[in-house]
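Chain by chain, the residues run as shown.
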Amino acid sequence: MALRVSLGSTGLEVSPICYGSWQLSPSFWGHHPRETFLQAIRRAFEVGVNFYDTADAYGDGLAEQVLGEALHDLPRDQIVVATKVYWHFHPDGRRYPDLSGRYILQACEASLQRLKMDHIDLYQCHSYDPMTPMGEIVEAMETLTRQGKIRFYGTSNWSVEQMRLGQAAGGRFQTIQPVYNFLQRQIEADLLPYCQAHNVGVLVYSPLARGLLSGKYQGDETFQDHRANSPQFQGERFKKICQAVASLRPIAQRYGLNISQLVLAATLMHPAIHCAIAGIKNAQQIEEAAGAMGQTLSREDYYQVRTALTE
């Protein structure tokens, strides 16, 4: 029986590992064969993953198209699909934030067409739009819910105060997708306690810090994608982090895991976190990530992982 968790108050039963499709953004990750992604998406379902996260902005619709193609012959009632709205993008490459009610309704229709689905399980505001009154955002989301085009709606990259504003405006934002990993734990101070208090479903992205916590790097590699400009992937800092990650290998081996599985398992132990989104490029990566589901570390080992990865 595949492992499932209840995503906050939504009642959605999802796998603790969520398939992340940001890697289908060529401008960030470069070009990879379409067939490789199709195989990985289908392989995810075979290894017990039923939760897929995407966004209309990933490749300006490409990620949704590929996901829709890969999922079309899987049982719809057994998969949970999440996508996002925020970036108003144009064929000429222009894009800007837009959570206006009119655009939310328009973008949802376009996402449904690309996904080849009649409803979206979880529709998320990709980021916070200060130019749109919160009541207008809520009204659009509630309209889509009444129409049956979305089942639930949530947020991504919102602060705890922005979540409170949404609640005050009558919004039923039942999930949030923040960045979280053992190098970036800022949300433990406020957002995660808020989510625990209000039973908000939490699906964290970048749990392996764009691969930095996977244990696959020595500290002397160079990158051709967006990581080439990140300080974490350069010089002495990169080497230091890689050494810290490598120090976790004995702990991982005791549990019969590799380092990335150890880090994912530790991430999922936080009581506020329901799911970890693993960014996937190929079938081997989703097989590996799925191996973290259901794994639990001792308290001592959990804190050894945290301590080792504290910069």
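Parameters and conventions
Residues numbered from 1 in each chain as written. Predicted model: local features only at pLDDT ≥ 70, side-chain atom pairs only at ≥ 80, totals over all residues. Heavy atoms only, no water. 1 Å grid on protein atoms, 1.4 Å probe; cavity = no way out; pocket = protein on both sides within 12 Å on 5 of 7 lines; lining within 4 Å. Points joined across faces, edges and corners; volume = space filled by probe spheres on them. Helix = DSSP H or I, 4+ residues; strand = E, 2+ residues; numbered from the N terminus. Nonpolar A, V, L, I, M, F, W, Y, C, P; charged D, E, K, R; others polar. Buried < 20%, exposed > 50% of the residue type's maximum accessible area, 1.4 Å probe, protein only. Arc of directions from axis to C-beta. Contact = heavy atoms within 4.5 Å. Pairing = 2+ DSSP bridges. Axes fitted to C-alpha atoms, helices over the stretch in contact; angles between N-to-C directions. Core = buried A, V, L, I, M, F, W, Y, C linked by side-chain atoms within 4.5 Å. Salt bridge = Lys/Arg side-chain N within 4 Å of Asp/Glu carboxyl O. Polar contact = N/O pair within 3.5 Å; in protein donor to acceptor, adjacent residues only side chain to side chain. Expected span 1.5 Å × (residues − 1). Right-handed = clockwise from strand over helix to strand, strands pointing away.

(A) Main features of the layout of surface pockets. Taken as a whole, the largest pocket spans an internal volume of roughly 940 Å³. What lines the largest pocket is a set of 42 residues, and nearest its centre among them are W22, Q23, W29, R210 and G279. Broken down by secondary-structure element, the contributors of at least two residues to the lining of the largest pocket are α1 (26-29), α10 (259-268), β12 (275-279) and α11 (283-290). Its residues assigned to classes, the lining of the largest pocket comprises 18 nonpolar, 17 polar and seven charged.

(B) Inspection of helix α7 (residues 191-198) at higher detail. Of the positions making up α7, those classed as buried are L191, L192, Y194 and C195. Axial view of α7: buried residues confined to an arc of 155 degrees, hence all on one face. Summarising the contacts, the buried residues of α7 are in contact with α6 (160-168), β10 (173-177) and β11 (201-205). With its phi angle positive at about 55 degrees, N199 sits one or two positions after the end of α7.

(C) Broad picture of the sheet that holds β11. Around the barrel, which closes on itself, the eight strands sit in the order β3-β4-β5-β8-β9-β10-β11-β12 with parallel pairing between neighbours. Taken over all neighbouring pairs, the strand axes of this sheet differ in orientation by 30 degrees on average, direction set aside. Where strand β9 (residues 150-156) meets β10, three bridges bridge the pair, whose relative direction is parallel. Bridge pairing links S156 to Q177 in β10. Set on the sheet, helix α5 (residues 134-146) makes contact with β5 (80-85), β8 (120-125), β9 and β10; between it and β9 the angle comes to about 150 degrees.

(D) Spatial organisation of the nonpolar core. If you look at the biggest cluster of nonpolar residues, it comprises 90 residues, and the most contacted ones within it are I17, Y19 and Y123. With 12 residues, the next largest nonpolar core counts L7, L12, A82 and C275 among its residues.

(E) Structural view of the pattern of salt bridges. The tally for this structure, following the rule as stated, stands at 17 salt bridges. With its nearest N and O atoms 2.7 Å apart, the salt bridge here joins R114 to E64. Residue R114 is found in helix α4 (residues 101-115), and its partner E64 is found in helix α3 (residues 62-71); the two are separated by 50 residues along the sequence. Taking the shortest distance from any N to any O, the salt bridge between E236 and K239 comes out at 3.8 Å. Of the two residues, E236 and K239 both sit in helix α8 (residues 235-246), three residues apart, roughly one turn of that helix. The exposure class assigned to E236 is exposed, which follows from its relative accessible area of 59%. A relative accessible area of 35% means that K239 is categorised as partly exposed. Taken together, the salt bridges that share partners define one network made up of R43, E46 and E287.

(F) Fine view of the environment of E221. Within the fold, E221 resides in the loop between β11 and α8. Taking relative accessible area as the criterion, E221 reaches 23% and is therefore assigned partly exposed. Expressed as a C-alpha distance, the spacing of E221 and K239, which sit 18 residues apart in the sequence, is 9.5 Å. Setting aside chain neighbours within four positions, we find E221 in contact with K216 and F238. Reaching out from E221, the side chain makes a polar contact with the backbone nitrogen of Q218 at a distance of 2.8 Å. One polar contact links the side chain of E221 to the main-chain amide nitrogen of G219, over a distance of 2.9 Å.

(G) Local environment of unusual backbone geometry. Not every positive phi belongs to a glycine, and K116 is a case in point at roughly 60 degrees. Take K116: it is sitting in the loop between α4 and β8. If you check the backbone angles, A209 has positive phi at about 55 degrees while not being a glycine. With respect to the secondary-structure elements, A209 resides in the loop between β11 and α8.

(H) Broad picture of α8. The terminal C-alpha atoms of α8 lie 17 Å apart, and with 12 residues this matches the ideal 16 Å at 1.5 Å per residue to within 8%. Inspection of α8 places F238, I241, C242 and V245 among the buried residues, and these make up the whole buried set. One face of α8 carries all of its buried residues, which in axial projection span an arc of 100 degrees. What points out from α8, more than 90 degrees from its buried face, is the exposed set E236, K240 and Q243. Elements that come into contact with the buried residues of α8 comprise α9 (249-254) and α10.

(I) Representation of the pairing of β9. In terms of residue burial, β9 counts as a mostly covered element, since six of its seven residues are buried. Summarising the sheet, β8 and β9 pair through five bridges and their orientation is parallel. Bridging across to β9, C125 finds its partner in T155. Regarding topology, α5 serves as the crossover connection from β8 to the parallel β9, and that connection is right-handed. Crossover connection from β9 via α6 to parallel β10: handedness right-handed.

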